[in-house]
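Chain by chain, the residues run as shown.
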Amino acid sequence: MQVGNFVLEIFTFSLDWRDLFTLVFAALAAIVAGGFFIGSLFVKKSYKEKVKTARIAFDLEQKPMKDEYNEKLSQYEYDMQVYRQKEQDYIDAYWAWRTIYLEHLDEEERVKAQLEIDKQEAISEIEANELVPAEARLNEVNDLLSEKYLPAINKLIELIKSGRADTLKEAINLYEEILYKEKQLELEKEKEERKEYIQMLQLLAEQRRYEREMEIRRMLELEREMEEERRQNEEERRHREQMELLEKQESNRQAEARREEARRKHEETAAMYRDYHATHRQCQSCANMTHCRMAFQRSNCASYRPK
């Protein structure tokens, strides 16, 4: 609108002086101004098309990465779901087994207690029917051994017959020594078995701890990989946003530079037009115009003399 008013002003002023050169110059100025205006529209449209094309290309470039990320995320969520289901199945199976195991232990204890009761009843019955009468008869004829060594009488006879003992007293002492050594060997054997059993429990506990630790490490590594992937995606997103911001700032700077250049050219053209009109007004109102060699060539002429 300002360019049109400026051109209309030039055109009206030129008609006032009926100067053909002024009219042609004003037309050329209007064409140049119109060219600048059309060029600015074309540049703006071209810039919008470039931005649209770049946005489409960027979306097409990012689509495979987004699809890959979504696919990996879905696979991770599926793996986590499968793992949690397996873990729950294992816990359920363990508790079912433990319930059965505890019931089995209770049943074993009941059976063991009943067997012990039956055993004691059988022993009591045998003692009452056989041992007590036999001990009564033995006490009637026995004047050598005490009741304590009667169960070992065969062993004492064997020691005497084999020559390892000469008297009953030596056989009893040797028998006591043999019992002591056997008891010590039994104690050593129990210690070894207990030691082996503890070592086996420690190995099992260590194996379970190692398996659990490896499983935790695997889950932590998987989470670390996912976190690293998310961090890289976030860095890429920030980088893209930063690059887009820089591109936008550069585009705005270039557009501002073009506008400033157009404004400067417009001001130069306007100044030239003002100088041109001032010169014409000065010369046309000068009494020396007909014989001046510098007519219509400079403003603020020192030889100016009003008519």
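One structure accompanies this document, and this report is about it. (Residues numbered from 1 in each chain as written. Predicted model: local features only at pLDDT ≥ 70, side-chain atom pairs only at ≥ 80, totals over all residues. Heavy atoms only, no water.)

Some thoughts on the side chain of Q62
Next up, step 1: Note that Q62 resides in helix α2 (residues 20-141).
Next up, step 2: Residue class for Q62 comes out buried when judged on its relative accessible area of 6%.
Next up, step 3: At 3.1 Å, the side chain of Q62 and the side chain of R240 are in polar contact. (Helix = DSSP H or I, 4+ residues; strand = E, 2+ residues; numbered from the N terminus. Buried < 20%, exposed > 50% of the residue type's maximum accessible area, 1.4 Å probe, protein only. Polar contact = N/O pair within 3.5 Å; in protein donor to acceptor, adjacent residues only side chain to side chain.)

Quick word on empty space enclosed by the protein
Next up, step 1: For the structure on display, the rule yields 2 cavities of 30 Å³ or more.
Next up, step 2: The space that makes up the largest cavity amounts to roughly 100 Å³.
Next up, step 3: For the lining of the largest cavity, a count of residues per class yields 8 nonpolar, 3 polar and 1 charged. (1 Å grid on protein atoms, 1.4 Å probe; cavity = no way out; pocket = protein on both sides within 12 Å on 5 of 7 lines; lining within 4 Å. Points joined across faces, edges and corners; volume = space filled by probe spheres on them. Nonpolar A, V, L, I, M, F, W, Y, C, P; charged D, E, K, R; others polar.)

Here's the deal with the packing of aromatic side chains
Next up, step 1: In total, this model carries 3 aromatic pairs according to the counting rule given.
Next up, step 2: Summarising the aromatic geometry, the rings of Y94 and W95 are spaced 5.7 Å apart at their centres and angled 70 degrees between planes, so their arrangement reads as edge-to-face.
Next up, step 3: Plain terms: the ring middles of Y94 and W97 are 6.1 Å apart, the flat faces sit at 35 degrees to each other, and that makes the pair tilted. Here Y94 and its partner W97 are both found in helix α2, 3 residues apart, which amounts to about one turn of the helix. (Phe/Tyr/Trp six-rings, centres within 6.5 Å; stacked < 30°, edge-to-face > 60°.)

Some thoughts on the pattern of salt bridges
Next up, step 1: Under the defined criterion, the tally for this structure stands at 21 salt bridges.
Next up, step 2: A salt bridge links R253 to E250, with the nearest nitrogen and oxygen atoms 2.5 Å apart. Note that R253 and E250 are positioned in helix α4 (residues 168-284) at a spacing of 3 residues, about one turn of the helix.
Next up, step 3: We classify R253 as partly exposed; its relative accessible area is 47%.
Next up, step 4: Among the residues examined, E250 registers a relative accessible area of 32% and is labelled partly exposed.
Next up, step 5: Where salt bridges share partners, they join E206, R209, E213 and R217 into one cluster. (Salt bridge = Lys/Arg side-chain N within 4 Å of Asp/Glu carboxyl O.)

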